[in-house]
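# Structure at a glance
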Amino acid sequence: MNIRKIFTNLFFKIIVFNSRNKCHLQANLGIYSRTLFCSLALGVFWVFPLAVGFSVFPAQAQQASSSLESLQNEREKLAEKVKRVEAMLQELKAEQAKFEERLDRGEAKQEKFAEQLEKKKANQEKFAEQLEKKKADIAFLKEEQKKQKQEWTTAFDNISRDPRNRLQGTGSDDGWIDLPGYNTAIRFGGFIQLDAIHDFQQSGSNFGAFSASKIPVPTDRDSNTEFDPRTTRMIFETRTDTALGKYSTFLSADWFGSSDNSDGPKVRLRQAYVTGVGLIPGTAFTFGQANSTFMDNKAWPEVLDNAGPASYVFVQQGLFRLSTELDEAKRWIASLAVEQPDNKVSNGNGKSEWPDAVGRVDFNDNWGHLMGAMVARQVKAEATSGTVIDSASAFGWGLNLSGMLMVPDTKDNFKFQFNGGEGIGRYIVSGGADATYNIATQDMDLSRVYGAYGAYQHWWTNTLRSTLMGSHARFFNRSIESFSALKSVLHTSANLIYSPLKPLDVGIEYTWGQRENKDGQKGHANRLMFSAKWSIN
C-alpha cells in the first residue's frame, strides 16, 4: 500500500512541477501527452486495486477518490496555462510578422539607399572627371598666359629694360597690384644703393660713374674718398589691357642730376616711355624717353660702377620705335626708330635738323642673345666765331654688334660688344665730339671711333659671383684737333658680389682706367669701391 502511494505522489509532483515551468511547457507538450497516456494506464493499474481496496478498505478508497479530483483540477489548470502559452505564442508570431515586415521595408530602403549611393558615386566620378578637365584647362590657360606674359616682357619690352632694375614677370608675386575697376596693374620698383669710393689718384669722376675719358693728363696723385648714393633709383610702372592691345608705361629716375658734389644729389629723369603691344598682331611701338635702339641692354655686364665699360653704347633720349616679330617662334625681332639728334661738335654749335634713324635686329634663344644695329644721322654745326654765321653738315653712321653667350650647364656667361663709325662719339660712354668744324674750309670733319669690350661672369655659388671686364675705345683724330684731344681709353674691372638675401647685393670692385691724348701723353687712375644695394620689387 505504501509503495502505491509513493508512485502516485511522484506522478502528481511531476505533473505539477512541469505545469509550473511555463517556459518549457510548449517544448515538452508532446512529453506531457505521452506522460498522460502512461498516467492513464497506470491509473487503470492503480484503480483496479483501489476498487478492490475500496471494497475491502472503504477509507483508502475515499482517499483515492479525493486524489483523482485533485488530479482533475490540476489538469484543468494545466489546460488553462497551455491556452495562455498558446495565446502568447500567437502574439509572438504576430510581433515576428510585424518585425519581418519592418525588416523587409528596411531592406527595400537599404536597396534604394544603395542605388542612390551608387548614383552619387557615379555623379562624383563624373564631377571628378569634369574637375580634372577644368584643371587641365586652367593649366593650359596659365601656360598660354605665361607665354603671353613672356612675349610681353621679353619680346619687346626688354629692348628698353635695364637688367639692373631686376623687374621681371607680370603676376602679383612679381610686385604687380591690380586696380579694381580700371583693368590696370601698377608696380613700384627700383633700388637703394650706396657706393663707398676711394680713388688712389684723381680720376676726374668723384661719383659712382667712372669714365676713363675724364682722367686728367697728367694725373694728380692726390687720393679721394666719397660716399655716393646717386645711383639709387626710383621706378613706377603701369600695365593696361584694352580691346586694342596691351599698353605699359615706365618711369625711372636717379640722383645724377648734379655733377658738382657741393650741390648734393639731384633728381634726374632716366626713362619715361609708353609701349603698346598687339595693336597690330606681332608688333609693338614705344614712344618717350628710353634707352636708345642703338643700345643693347642684354649685353650690359654686372658691374658695380654706374657708367659701365668705357666703349659701351649708352644713350637715353626721346624716340619713337616700331618693333615686329620676324618668325613664328618669336626669336627674331626687327626694330626701326627715329631718335633725338644731339650733335656735339668742336669749334662749332651743334644743330639738329633731322632725327637720328636707327635699325636693329635681335635674336634670342636658350643659349644666349645677339643684336645688330645701325644708326644714320646728320651732323650739323654753325661756326662759333666770325661775323658771318656759317654752317656745315655731314652724314654720320655707326654699327653695333653685341650679345650674350651662356656657358652650357652653368650660370656663367660671356657678354661682348663691337662698335664703330663716324660721327657717333656721343653714343659711346667715353666718347668725345661727333665732329670738328673746320672754320678755314667751312667743312665738317667727322670723328671716327671704334670700340670693343668683353665681360665674363663666373658664379662661384648660387649667391656669390664675379665679373671680369675689359674695354677699349680708339678715336682717330683729325689734324685740326688739339694735341689734348682724346685718342684712346682702356678700362678694366674685377668684382666680387654676394647676395645673402634675394633683394640684397653687397660687393667690392677694383677699377683701372687709362686715357691717352692725341700727343701721346697718358694718365691713369685706380679706384676701389664697396657697394651695398637693396632692390625694391
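Residues numbered from 1 in each chain as written. Predicted model: local features only at pLDDT ≥ 70, side-chain atom pairs only at ≥ 80, totals over all residues. Heavy atoms only, no water.

Next up on the list: the sheet that holds strand 16 (residues 435-438). The strand order across the open sheet formed by 3 strands is 10-16-17, and the pairing between neighbours is mixed. Two strands close off the open sheet at either side, each with one partner strand: strand 10 (345-346) and strand 17 (443-446). As judged from the 4 bridges shared by strand 16 and strand 17, these two strands associate in the antiparallel manner. Paired with A435 across the bridge in strand 17 is L446. (Pairing = 2+ DSSP bridges. Helix = DSSP H or I, 4+ residues; strand = E, 2+ residues; numbered from the N terminus.)

Cis geometry marks the peptide bond from V217 to P218; its omega dihedral reads -5°. Its place among the elements puts P218 in the loop between strand 2 (184-199) and strand 3 (224-228). Backbone geometry at N183 places phi at a positive 55°, although glycine is not the residue there. With respect to the secondary-structure elements, N183 resides in the loop between strand 1 (177-179) and strand 2. For Q442, which is not glycine, the phi torsion reads 55° and is therefore positive. Locating Q442 in the fold gives a position in the loop between strand 16 and strand 17.

Turning to the confidence of the model for the protein chain, a few remarks are in order. The predicted model of the protein chain has a mean per-residue pLDDT of 83, with 82% of residues at 70 or higher. Here residues 14-29 is modelled with pLDDT under 50, and outside its nearest four sequence neighbours on either side it reaches 17 contacts, counting other chains as well. The low-confidence segment residues 41-57, where pLDDT is below 50, has 13 contacts with residues more than four positions distant or belonging to other chains. (pLDDT = per-residue confidence, 0-100. Contact = heavy atoms within 4.5 Å.)

With respect to the helices and strands, S323 occurs in strand 8 (residues 316-325). Taking the relative accessible area as the measure of exposure, S323 reaches 4% and is therefore buried. In this structure the side chain of S323 is engaged in a polar contact, spanning 2.8 Å, whose partner is the side chain of S335. (Buried < 20%, exposed > 50% of the residue type's maximum accessible area, 1.4 Å probe, protein only. Polar contact = N/O pair within 3.5 Å; in protein donor to acceptor, adjacent residues only side chain to side chain.)

This part covers the packing of aromatic side chains. In total, this model carries 13 aromatic pairs according to the counting rule given. Ring geometry for F363 against W367: centres 5.8 Å apart, planes inclined by 35°, an arrangement best described as tilted. Feature note: the residues W300, Y312, F314 and Y453 constitute an aromatic cluster, connected by ring pairs. Stacked on the ring of F207, the Lys or Arg R230 has its end atom at 3.7 Å from the ring centre. A cation over an aromatic ring shows up here: K518 above the ring of F483, its NZ or CZ 5.7 Å from the ring centre. (Phe/Tyr/Trp six-rings, centres within 6.5 Å; stacked < 30°, edge-to-face > 60°. Lys NZ or Arg CZ within 6 Å of the ring centre and 35° of its normal.)

Moving on: the nonpolar core. Of all hydrophobic cores here, the largest spans 28 residues; its most connected members are F294, V313, V375, Y427, Y453 and V489. Within the residue set of this core, elements represented by two or more residues are strand 13 (368-383), strand 18 (448-459), strand 19 (464-476) and strand 20 (486-501). If sequence neighbours within four positions are ignored, F294 has contacts with V313, E339, V358, M371, A373, M374, V375, G398, L399, N400 and Y427. Formed by 10 residues, the second largest nonpolar core is a distinct cluster that contains V379, A394, A435 and M444. (Core = buried A, V, L, I, M, F, W, Y, C linked by side-chain atoms within 4.5 Å.)

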